[in-house]
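# Fold and contact review
Take a look at the letters that make up each chain.
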Amino acid sequence: MLLGGFLVFAGVSHLGWSREAFYAQVPPWLPLDRDFIVVASGLVEIALGLGLLLLRRQRVALGWIVAAFFVAVFPGNISQFATGTDSFGLNSDQSRGIRLLFQPVLVAWALWSTGAWRAWRQSRRARRTDAAR
């Protein structure tokens, strides 16, 4: 699954070659050490990615968790935009703004690719059918 591989790659980059670049996405108001946040979020990404790759029966639940993770890290992207911090080639307000618009795409990708969205719609449909009986 492409999303799982993407998450593992991104997580490993948090721990290695892009570690300092990720500092730009840590909001200055967080009371924790920036390096701790970058490493911790990288470890979470690796775990989520491996989960998607290895735990096929848990895909729907993992889809919701990955989507929630993408929502949880969104304040970091907002912070990078608000502070005008350059990183990852995002060196203008326009490029950082486009990055903000991409975050909902990641959430949708997590829900779609794991079948979480389809499972939710099917359960809603089933509940409506049961309620109509």
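Quick caveat, the model's predicted, so the values are computed rather than measured. (Residues numbered from 1 in each chain as written. Predicted model: local features only at pLDDT ≥ 70, side-chain atom pairs only at ≥ 80, totals over all residues. Heavy atoms only, no water.)

Glancing now at a positive patch on the surface. Among the surface-exposed residues, Arg121, Arg124, Arg125, Arg127 and Arg128 lie close enough to one another that they form a single positively charged patch. Inspection of the secondary structure puts Arg128 in helix 7 (residues 116–132). (Patch = residues over 30% accessible without salt bridge, like charges linked within 9 Å, V, L, I, M, F, W, Y side chains within 5 Å. Areas by Shrake-Rupley, 256 points an atom, 1.4 Å probe, with all protein chains shown as cover. Salt bridge = Lys/Arg side-chain N within 4 Å of Asp/Glu carboxyl O. Lys, Arg positive; Asp, Glu negative; His and termini not counted. Charge placed at Lys NZ, Arg CZ, Asp CG, Glu CD. Helix = DSSP H or I, 4+ residues; strand = E, 2+ residues; numbered from the N terminus.)

Looking now at the environment of Leu43. Note on placement: Leu43 falls in helix 3 (residues 34–54). For the pair Leu43 and Thr129, spaced 86 residues apart in sequence, the C-alpha separation works out to 42 Å.

Further remarks concern helix 5 (residues 74–83). Where helix 5 is concerned, the buried positions are Gly76, Asn77, Ser79 and Gln80. Taken around the axis of helix 5, the buried residues stretch over an arc of 155 degrees, which confines them to a single face. Here the buried face of helix 5 lies against helix 6 (93–113). Looking one or two places after helix 5, you find Gly84, whose phi comes out positive at around 65 degrees. (Buried < 20%, exposed > 50% of the residue type's maximum accessible area, 1.4 Å probe, protein only. Arc of directions from axis to C-beta. Contact = heavy atoms within 4.5 Å.)

A word on the nonpolar core. Counting 14 residues, the largest nonpolar core has Leu3, Leu7, Leu48, Leu52, Val66, Phe70 and Ala110 as its most contacted members. Contributing elements (two or more residues each) for this core: helix 1 (2–15), helix 3, helix 4 (59–72) and helix 6. Those residues within four positions of Leu48 in sequence are excluded, and the remaining contacts are Leu7, Leu62, Ile65, Val66 and Phe69. In this structure, Tyr23, Val26, Ile37 and Val38 belong to the second largest nonpolar core, which totals five residues. (Core = buried A, V, L, I, M, F, W, Y, C linked by side-chain atoms within 4.5 Å.)

For the rest of this paragraph, the subject is the pattern of salt bridges. Inspection of every chain in the model, using the stated rule, returns three salt bridges. Between Asp86 and Arg96 there is a salt bridge, with the nearest N and O atoms lying 2.7 Å from each other. With a gap of ten residues between them, Asp86 in the loop between helix 5 and helix 6 and Arg96 in helix 6 connect regions that are remote in the sequence. Among the ionic pairs, Arg96 bridges to Asp93, the shortest N-O distance being 3.0 Å. Separated by three residues within a single helix, Arg96 and Asp93 lie in helix 6, roughly one turn from each other. For Arg96, a relative accessible area of 5% puts it in the buried group. Beyond isolated ion pairs, a larger network of salt bridges with shared partners links Asp86, Asp93 and Arg96.

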